[in-house]
Each structure stands twice: as C-alpha cells, then as structure tokens.
Amino acid sequence: MNFNFDFVNRRKWWYALSLLVIIPGLIAMALHRPVLNFGIDFTGGNIIQVQFHQPVTSGQVRDVLDGLNLGKSSIQESGSNQFLIRTTELNEEQTNQVISTLQSKLGQLDLKRNEKVGGTIGRELTIRGVEAMVIAWILMIIYITIRFEFLSGLAAILALVHDVLVTIGFFALFRWEVDSTFIAAILTIIGYSINDTIVIFDRIRENLRLRKKETIEEVVNRSINQTLTRSINTVLMVIFALLALILLGGETTRTFALAMLIGTISGCYSSIFTASPLWIDFRHLSRERHRQAAVAKADTKAKTRKATSH
Amino acid sequence: MAGGKGAGGFLKLAVVFLAILAIGIGVFKPLINAQRLGLDLKGGVHVLIQAQSTPDHAVTPDDMAALERVMRDRVDQLGIAEPVIQREGSDRLIIELAGVSNPEEAIKMIGKTAQLEFKTSDGQVVVSGKDLKDAKAIIDQQTREPQITLQFNAEGTKKFADVTKKLASSYPYGDPKRAIGIYLDQQLLTNPQVKEAIPNGQAIISGGFANFEEAANLAALLRGGALPVPVQIIERRTVGPTLGADSLAKSKTAIIVGLIAITLFMLLIYRLPGVVADFSLIVYGLIVMAVLWGLKATLTLPGIAGLLLSVGMAVDANIIIYEHIKEELRNGKTLRAAIDAGFKRAFTTIFDSNATTVLAAIVLYFLGSGTVRGFAITLSLGIAASMFTAITLTRFLLHLVVGVPAFHNLWLFGVKEEQIPAAARGEI
C-alpha cells in the first residue's frame, strides 16, 4: 500500500493529544499517596493465597483477620472460595497464626501462595529500576548520536519518556497494582519504542541522502509513509501476542502484559507523532540558533570593522 | 531445460521445508520438556536470608561461605533435586527449591537458626557453633536418658580446654560460676558444672530431651551445621504446585494462541514470503530453546514474556525485509535483485533498532535481579537469534523459493502487476 498522509505539519495537534493523555495521569500521581498502587514487591508485606474446600465469603475471611489485629490488610477473591490476602509485613509466627486461625475458624484449606517481601528489598528494587532506566537512556543517546546525530537521540529519548509517562499515567489513573514485573515491562517498552523510532529515523537518514531539494518536512512525511505498513503490521503482531497473554495467561503476567500493551501502542504512536516531529522542531531550533549566532558574529565583525575604520 | 531446473528447485525447496518441519515437530517437544522451569511455573520455595551483623561481629565473607555450606547441608537433608543456593551482595543468600511438595515444611527447616553457644556465667560466649565438628545422639547407658555428644574442631577444642581449665582452677566445685551454659538459639538447654578441665574437645548435652528422637533431630540440625551468624528471612515466596501448574497451563495456551495468530497474520499479509517467515520462526524458536537448554537457564513467567516479545522482534525483522523487497519490486527490479537489495537495505535498520534494544537488555541484566534478569537474557538471546535467522535463513529460503518458476507470480509476493513499471513487466 502507498500512503500519503501529512504527519508533521499538524504536529502541534499531536503534541496536544499526547499531553491530553499524559496530564490526567500526572494529576492522579500528584493527588494520590502513594503515587502508584505499589504491590508488596515495593512496599514490603505478605501475600497469602488460600483455597477453601467449602464455601466461604470474603466477609468471613475479613472477620477472622480483623480478630487477629494485624493492621491494614486487603482481601480479594481470586476464584471460587479462593482468596488473596495482602497484609503489612508479618513475621513467620504471625503468618502461621493467620493460616491456622483461618483453618480452625473456616475449615479445611490449601495454601496456594505464601509470600513475604521485606520493605528494604522493595526500596532497592525501585532504586535499581530507576538507575537501570537512566543508564539505558544515556547509552541509547550515545549509540544514536554515533549512528545518527545527537538531535535524533534526543528526540528518540523524549519519545520514550513519553511512552513511560503514558504507561505510568494509566497505572496511576486506574490505580492498577504495580509489581516487580512492571519494571521489566517499562524497560521493554523503552526497548520497543526506541526500536520503532529508529526504523523511521533510519528511513529519514536514507531519504535525506537521496533527495536534496525537498524540505525537511517533506522528507520526514515521506519516510513515515514509507515505513507505515511495517509500523502497523509490527504493532499488530505485538498486540496479538500481548492480548493472548492478557486474556489467557495467568494473573502473574497480567500486570506485565497490560503495561506492555499500553506502552507498545504509545510507542508506535510516539515514533510517528512525537519523535519525528520533535526532531524537525529541534533541527529548526538549532538552525535558528546557528543563524542568530552567525548574524551576531557578523554584527560584531561589522562593528569592529567600523571601529577600526574610524 | 528451464522446466528441469524448476523441478529440481522445487524438490530442493520441498526437502528443506519438510526437513525444518520434521526437526520442528521432532525436537520441539523434548526441548520444551527439558527446560528448567522457575518457581512461578513449577511451584516451590524462594527464600532470601540475610546474615545479621551484631555489635561485636560484622558479617565476613568467611561467615557467608560457612552459611552457604550449612544451608546446602540442610537442603540436602530435605532431599531436593537441584536446589539453587547463591549469594547476593555481601550478606544475603538466595535459596530456591523448585517443585517442593511441602513448601512450608522446607521453609521451617531452612529458617531454623540453631545457633549453638557455650556461655560462662558472666554471659561471655566461649565456644560457638562454628567450632563444632560433629554431633551425635546417644542413649546414656546408666541413666537411659537421651544425650548429644559433641566433638569440637581443633580451634574449638583449644578454646574449650582453656576455659574449662580456667574455671576448674578458679572456682570450687558447686560454685555457680564454675558452670558452662549451653544455649541453642539463645535458649538455655542445660547448665552443667565443669568437673575438670576437658582437653579433648568432647562435650555432652544431657537433660532437656523428651525422647531420643528429639535429641536425634537436634543433633542432625547441629551436625548439618549450627549457623555461624544469626540470620533472618527477609523475603520468602512459596508457590503451591497447583497454582504453578495452573499458570503454566495458562501461559502455554496464551503462547500457542499468540503464535498461531502471528503465523496466520504473516501468511495473509505477506503470502509466500509469509510462509518463509513462518518456517524461519520455527528455526528461530528451536535455536532459542536449544540455547536456553544449553545454558541451563530457568524459565520463569517474565522470561516467557521476554521470549514472546522477541518473537515480535523476529517477525519485525522479516516485515522490514519484506517491505523493502516489495518496494524494490515496485521500482521494477527483478525478483532476485529485489530480494538482495531488500536484505541489504533492511540490514542497517534491523541492526540499529535491535542494538538499542539489546543495550536496554544488557542494563537490565546487570542491574536487575531474579526474574528481571531472566527476562533480559531471553530478550537478548531472542534478538540475537532473530537477527541470525532473519538475515541468513530467510534469505536462503527466499532464494530457494525464487528457484521455482511457478512461484514467480508477483501476487505471491504481495505486489500487484499494475504497481510495477511497464518496462519491467514480464522480465523476471
């Protein structure tokens, strides 16, 4: 298929659309404490998943837990007569107490999951995740600067910051729980987004070499149109895989797949509507600065010439 | 002659495709079954324990080595196949036991501190568990009571000799100060009087045992190793085998459905090259699974997600190549020329885009932990394998396809006749 859409001349609209998606998420983050609905991987705490052999309601489970005075805990039904109990950090005796009390008051149960994560681990995880992200960005800018140019690197990184903000924003807005796989998802989104952007930049690089007469906007438009089929087909492919994972996979991968789905769609959008237009704007800005610098230089030269001629 | 060549080409093509199919069908299942599965898929126990520094003793690498030995002994006593015990940082130990039928029991055994200490009446620790060489439960012939006999190592023997000699010479028999308290996990077991100096490193713990079995269990624990330093469980995850099996079954379905969707999509959109891409993907899958198996990597759910994603990248490589080929065809190039030019132009794109993703994966590997690392490994491995198959195998297969005249119809390559410049039509 041959497309001929105008992508770059309406770029103000695309930027506005991005902000329209990102800002509600940022507001949600500003209003909520904690900023995101962090799971026990980050906050520290215990998760106990039990399956009762007989009908039990979440109210009954709640009553038993309230009797134990464990502090804040949440109960979620995760199947028929199956419950996911999240508590603050408990020691081994307290955990055993919870299980034995549930068993003595509500009857026979199978312990499906019994997890404890220390608060320090969660902090380390977060810090390491952020560190990893920043280091990855720096390495990417360096790589793109070597293979393309610095402004391309900058535009590509901003596009992926966009994708990270969109993804985190959705999780902030809907208070979806964030677990340790979320970090992996964000880092993959970064990988995907940059991958997608580079395919377009690569085409721009190729087209710039071939045609000298067209304006930069025309070259970018043509490049995006030429790679559009690929962009759509590839994003559809990834969406198929992720939808399968969300609909059919277990709950352990759901957060991951959901984050990936949002990030992938955003990544595809940002490669076309954020990275390439930004690159054009950056180029214009830097040309403008160079031009002004040249004018200023010419001015001072003229002045000094004047001064010497007097 | 052309017909003969065509038949030969078709035969070659059929043989290669059938071979790939046969290998795929024959090898995939055993390869998949041979993969080591992580706790989230198989069920099991993950414990992170931290050695605690006390005011008068900071945890040393020697302590950690001793702790690791002790834990290995304990896990061996549980009779678990292929336990993972590895150090993390300077004072942590990760223990993973996959496929344990009774995870809670295993945690209890691992978490037992069993800190054995001999203290004088002023509370000073004179000999500790790390000085211990052996512990045995016996029945005392005279009293018929269960006892534990202890044998210290060279250093412990000397310490024990010194302190008993000192106590025996300093205080009269019967003075409470002439006793040595034996503490297990800070609890006093027995507080016997020192009869005389004991130079041979032998000690007996008697009294306080209800029956022989209790003494035997304690002896096993001490023999398996009293811990050199106090430890704390800071993270634990136990996944019941049913939950693990459930998520395994679910992710299997998800993967199969995802792969079928991708295969059909490639077939519908790219037709003949789509079929080639599907065969390339089979080989890609085989390479990745074989390398994972060779590395003895443990497959976790995020790892599988990484694999699934790298399948996306593998397909992307093919898509980039095919879009270039189509473009070259529309520019009027012959099939062979279009394929070669398409690959050439696609290579830099695929290389640059994958290189940046690999950069992210490398950072993930070095800074991430556990499952995130697994994800990074499968992702980079997948990318490397996808680049290899897309550039070598897909090209090879496409050349074989072009060797069959019946397959020269451009519709099979997703290009309409009228899109091709008139001058170039008909010359393939």
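Residues numbered from 1 in each chain as written. Chains lettered and ligands numbered in written order. Predicted model: local features only at pLDDT ≥ 70, side-chain atom pairs only at ≥ 80, totals over all residues. Heavy atoms only, no water.

**Digging into the pairing of strand 12 (residues 231-239) of chain B**
Okay, step 1: By the criterion of burial, strand 12 of chain B is predominantly enclosed, with 7 of the 9 residues buried.
Okay, step 2: Pairing between strand 5 (residues 109-117) of chain A and strand 12 of chain B: 5 bridges, direction antiparallel. Within strand 12 of chain B, the residue paired with Asn114 of chain A across the bridge is Thr238 of chain B.
Okay, step 3: Across 8 bridges, strand 2 (residues 44-51) of chain B lies against strand 12 of chain B in antiparallel orientation. The partner of Val47 of chain B across the bridge, within strand 12 of chain B, is Arg236 of chain B. (Buried < 20%, exposed > 50% of the residue type's maximum accessible area, 1.4 Å probe, protein only. Helix = DSSP H or I, 4+ residues; strand = E, 2+ residues; numbered from the N terminus. Pairing = 2+ DSSP bridges.)

**Focus: the layout of surface pockets**
Residue and element names in this part refer to chain B.
Okay, step 1: Roughly 1,100 Å³ of volume is contained in the second largest pocket.
Okay, step 2: Those elements giving two or more residues to the lining of the second largest pocket turn out to be helix 1 (2-34), helix 7 (241-294) and helix 8 (301-330).
Okay, step 3: For the lining of the second largest pocket, the element with the most residues is helix 7, which contributes 15 residues.
Okay, step 4: For the lining of the second largest pocket, the per-class residue count stands at 20 nonpolar, 6 polar and 3 charged. (1 Å grid on protein atoms, 1.4 Å probe; cavity = no way out; pocket = protein on both sides within 12 Å on 5 of 7 lines; lining within 4 Å. Points joined across faces, edges and corners; volume = space filled by probe spheres on them. Nonpolar A, V, L, I, M, F, W, Y, C, P; charged D, E, K, R; others polar.)

**Comments concerning unusual backbone geometry**
Okay, step 1: The step from Arg33 of chain A to Pro34 of chain A runs through a cis peptide bond, and the omega angle for that step is -5°.
Okay, step 2: Within the fold, Pro34 of chain A resides in the loop between helix 1 (11-31) and strand 1 (37-38).
Okay, step 3: Look at Asn81 of chain A: it is not a glycine, yet its phi comes out positive at around 60°.
Okay, step 4: As for its placement among the helices and strands, Asn81 of chain A is situated in the loop between strand 3 (73-79) and strand 4 (82-87).
Okay, step 5: Of note in this structure, Arg271 of chain B is not a glycine but carries a positive phi near 50°.
Okay, step 6: Checked against the element boundaries, Arg271 of chain B lands in helix 7.
Okay, step 7: Judged by its relative accessible area of 26%, Arg271 of chain B falls in the partly exposed class.

**Topic: the packing of aromatic side chains**
Okay, step 1: According to the stated counting rule, one finds 20 aromatic pairs over all chains in the structure shown.
Okay, step 2: An angle of 55° between the planes, with centres 4.7 Å apart, marks the rings of Phe171 of chain A and Phe182 of chain A as tilted. Within this pair, whereas Phe171 of chain A is found in helix 6 (residues 150-174), its partner Phe182 of chain A is found in helix 7 (residues 180-210), the two being separated by 11 residues in sequence. Accessibility assignment for this pair places Phe171 of chain A and Phe182 of chain A in one class, buried.
Okay, step 3: Aromatic rings pair up to connect Phe5, Phe7, Trp14, Tyr269 and Phe273 of chain A into one cluster.
Okay, step 4: Taking the ring centre of Phe148 of chain A as reference, the NZ or CZ of Arg205 of chain A above it sits at 4.1 Å.
Okay, step 5: Between Lys119 of chain B and the ring centre of Tyr183 of chain B, over which it is positioned, the NZ or CZ distance is 4.4 Å. (Phe/Tyr/Trp six-rings, centres within 6.5 Å; stacked < 30°, edge-to-face > 60°. Lys NZ or Arg CZ within 6 Å of the ring centre and 35° of its normal.)

**Some words on the nonpolar core**
Okay, step 1: Of all hydrophobic cores here, the largest spans 140 residues; its most connected members are Ile190 and Trp279 of chain A together with Tyr322, Ile325 and Leu397 of chain B.
Okay, step 2: Top contributing element to this core by residue count: helix 7 of chain B, with 16 residues.
Okay, step 3: Among residues more than four places away in sequence, those in contact with Ile190 of chain A are Met133, Trp137, Met140, Leu160 and Val164 of chain A. (Core = buried A, V, L, I, M, F, W, Y, C linked by side-chain atoms within 4.5 Å. Contact = heavy atoms within 4.5 Å.)

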